[in-house]
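Residue-level listing of the chains:
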Protein chains: 2
Amino acid sequence: MSDTSSLDALIQALRRLPGVGIKSAQRMAFHMLQHDREGAEMLSRALHEASNSIRHCERCHTFTEAAICEVCSDPGRDMSRLCVVETPADQSAMERTGAFKGLYFVLMGRLSPLDGVGPRDIGVKKLIERATDGMVQEVILATSFTAEGEATAYAIGEALRPRGIQVTRLARGVPVGSELEFVDLGTIAHALADRR
Amino acid sequence: MSDTSSLDALIQALRRLPGVGIKSAQRMAFHMLQHDREGAEMLSRALHEASNSIRHCERCHTFTEAAICEVCSDPGRDMSRLCVVETPADQSAMERTGAFKGLYFVLMGRLSPLDGVGPRDIGVKKLIERATDGMVQEVILATSFTAEGEATAYAIGEALRPRGIQVTRLARGVPVGSELEFVDLGTIAHALADRR
């Protein structure tokens, strides 16, 4: 882009963000340097601070700045139910429904043998320890309804059921607000099988 | 996403990058914190350094760390030709062709009245000073062939021609490697009018 080494370094560093290629990185660098140096400084500080202060909750494994996250340390939550999600964003979606008052376990990933992500990488051993603490009676599997999410749910279910814990899965069915005509057939078949 | 203020600050800061919305920002923050803390630190440092060390070349206005950029201070360049481009990325594309040995003037933008970008914002006055230094004989307008790029070229041409400077524009025509059948009609009409 130019003969400036710190500009090249910035473009290379921006390319490490997911989904950012060389063209996007150039555009981002150009925008920040030309129109938003304040934003560049803000992002620089935010990255440094987050990278240094954020760790994993000892109980649920989500991102937190304390040893135990806010949800896990809330005495008002139902400690007998544990919801297993893939990411903090999934946990956040679940929280926003207001329909779940139990605790969480955040895998921070999902099984993906093709990418070399095995049960160890998503902390299944830690989840088993967490789920067998004597308080948890039901583990609700809320991983994605994709091939990898289903495989993750299956593996966790297989590991927990022999230990006497009730394992459930979010219901599959027709999404709220959709017309049957436009729903895919696999979903309709599941909704029919699980009718109530 | 979570109860962590430094994570929220990071997501908000990432949203200031062009083309990054809330979902992308969450995904970026999650990726950097979970899989690439080294990359996060690298980006933090690169942003800080670029933001503090990069300024504009006094002669051509491009990004540089010195007072005068490498191209402008190269004695081997043809000082009688000045190529006007919109961005450092455009300048870089022009350089990679190897077909131009003159100097550049980088507007760092283009006229866009709807966005409130006028002649003052793209440094037209500075360009006029630069082009009337006595050495420049020809100004080559290499702004984009979009409505805004054309308006920019027109405005600069109108400002320079009365000052006795030869003003030229990159040729419009059929791109190399294309089949006529698939080229848009406006381009073919221009190629026909400018046939040689």
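Residues numbered from 1 in each chain as written. Chains lettered and ligands numbered in written order. Predicted model: local features only at pLDDT ≥ 70, side-chain atom pairs only at ≥ 80, totals over all residues. Heavy atoms only, no water.

- As recorded in an unreviewed UniProt entry, chain A goes by the name Recombination protein RecR, listed as coming from Diaphorobacter aerolatus.
- Checking UniProt for chain A, the heading Sequence similarities (unreviewed entry) contains the comment "Belongs to the RecR family."
- Per UniProt, chain A carries the Function (unreviewed entry) text "May play a role in DNA repair. It seems to be involved in an RecBC-independent recombinational process of DNA repair. It may act with RecF and RecO." (UniProt positions renumbered as here; feature names shortened; annotations may be inferred.)

1. Quick word on the overall build of chain A
- Helix and strand content of chain A: seven helices and six strands.
- Ordering the α and β elements of chain A from the N terminus gives α-α-α-β-β-β-α-β-α-β-α-β-α.
- On C-alpha atoms alone, chain A measures out to a radius of gyration of 21 Å, which is more than a quarter above the 16 Å that the 2.2 N^0.38 rule sets for 196 residues.
- The principal-axis extent of the C-alpha atoms belonging to chain A is close to 65 × 45 × 35 Å.
- Burial analysis of chain A (196 residues in total) assigns 44% to the buried set.
- Put simply, of all contacts in chain A between residues at least 6 apart along the chain, 48% involve residues at least 24 apart.
- Taken as a whole, chain A presents about 10500 Å² of accessible surface, with 54% of it coming from carbon and sulfur. (Helix = DSSP H or I, 4+ residues; strand = E, 2+ residues; numbered from the N terminus. Rg over C-alpha atoms; globule rule 2.2 N^0.38 Å. Buried < 20%, exposed > 50% of the residue type's maximum accessible area, 1.4 Å probe, protein only. Contact = heavy atoms within 4.5 Å. Areas by Shrake-Rupley, 256 points an atom, 1.4 Å probe, with all protein chains shown as cover.)

2. Describing the relation of the copies chain B and chain A
- Overlaying chain B with chain A gives an RMSD of 0.0 Å, the required rotation being 180 degrees about an axis along which the chain moves by 0.0 Å. Accordingly, the operation relating the two chain copies is best matched by a two-fold axis. Taking C-alpha positions as the reference, the residue of chain B nearest the rotation axis is B:Ser44, at 2.0 Å.
- Most of the interface of chain B is mirrored in chain A, where 100% of its interface residues again form contacts. (Least-squares fit on C-alpha atoms with pLDDT ≥ 70 in both.)

3. Looking at the UniProt feature "zinc finger region: C4-type" (unreviewed entry) in chain A
- Under the feature "zinc finger region: C4-type" (unreviewed entry), the UniProt entry names residues 57-72 of chain A.
- Spanning residues 57-72 of chain A, this segment combines 0% helix with 12% strand, and its end C-alpha atoms are found 8 Å apart.

4. Quick notes on the sheet that holds strand E3 (residues 78-85) of chain B
Residue and element names in this part refer to chain B.
- If you trace the four strands from one edge of the open sheet to the other, you get E4-E3-E5-E6, paired in parallel fashion. The outermost strands of the open sheet, each flanked by one partner alone, are strand E4 (102-106) and strand E6 (166-169). Here the strands of the sheet are splayed against their neighbours by 25 degrees on average, with no regard to which way each runs.
- Of the pairings in the sheet, the one linking strand E5 (residues 138-141) to E6 comprises four bridges and is parallel in character. Looking at the pairing, Val-139 lines up with Val-167 of E6. (Pairing = 2+ DSSP bridges. Axes fitted to C-alpha atoms, helices over the stretch in contact; angles between N-to-C directions.)

5. Brief notes about the pattern of salt bridges
- Tallied over the entire structure, the rule returns 21 salt bridges over all chains.
- Between A:Arg59 and A:Asp133 there is a salt bridge, with the nearest N and O atoms lying 3.9 Å from each other. Of this pair, A:Arg59 sits in the loop between strand E1 (55-56) and strand E2 (63-64) while A:Asp133 sits in the loop between helix H5 (124-131) and strand E5 (138-141), placing them 74 residues apart in sequence.
- Taking the relative accessible area as the measure of exposure, A:Asp133 reaches 34% and is therefore partly exposed.
- Counted as one network, the salt bridges with shared partners bring together A:Asp36, A:Glu38 and B:Arg16. (Salt bridge = Lys/Arg side-chain N within 4 Å of Asp/Glu carboxyl O.)

6. Some points on the confidence of the model for chain A
Residue and element names in this part refer to chain A.
- Of the residues in chain A, 98% reach a pLDDT of 70 or more, and the chain-wide mean stands at 90.
- Mean pLDDT values over the elements of chain A span from 88, in helix H7 (residues 185-193), up to 95, in strand E4 (residues 102-106).
- Reported for the predicted complex are a pTM of 0.79 and an ipTM of 0.80. (pLDDT = per-residue confidence, 0-100.)

7. What about the UniProt feature "domain: Toprim" (unreviewed entry) in chain A?
- The UniProt entry lists residues 80-175 of chain A under the feature "domain: Toprim" (unreviewed entry), expressed in the numbering used here.
- In residues 80-175 of chain A, helix accounts for 33% and strand for 20%; the two terminal C-alpha atoms are 28 Å from one another.

8. With respect to H5(A)
All names here are of chain A.
- Taken as a whole, H5 has its buried residues at Val-124, Leu-127, Ile-128, Arg-130 and Ala-131. The buried residues of H5 occupy one face: seen down the axis, they fall within an arc of 165 degrees. Of the exposed residues in H5, the ones pointing more than 90 degrees away from its buried face are Lys-125 and Glu-129.
- Packing partners of the buried residues in H5 comprise strand E3 (78-85), E4, E5 and helix H6 (147-160). (Arc of directions from axis to C-beta.)

9. Topic: the side chain of A:Glu41
- Mapped onto the elements of the fold, A:Glu41 is located in helix H3 (residues 37-53).
- Within polar-contact distance, the side chain of A:Glu41 engages the side chain of B:His48 at 3.1 Å.
- Those residues in contact with A:Glu41 that lie beyond four places of it in its chain are B:His48, B:Ser51 and B:Asn52. (Polar contact = N/O pair within 3.5 Å; in protein donor to acceptor, adjacent residues only side chain to side chain.)

10. Side note on the packing of aromatic side chains
Residue and element names in this part refer to chain B.
- This model, assessed by the stated rule, comprises four aromatic pairs over all chains.
- Seen in terms of ring centroids, Phe-100 and Tyr-104 are 5.3 Å apart; in terms of plane orientation they differ by 65 degrees. Their pairing is edge-to-face.
- Residue class for Tyr-104 comes out buried when judged on its relative accessible area of 0%.
- Above the ring of Phe-145, the side-chain terminus of Arg-169 is found at 4.1 Å from the ring centroid. (Phe/Tyr/Trp six-rings, centres within 6.5 Å; stacked < 30°, edge-to-face > 60°. Lys NZ or Arg CZ within 6 Å of the ring centre and 35° of its normal.)

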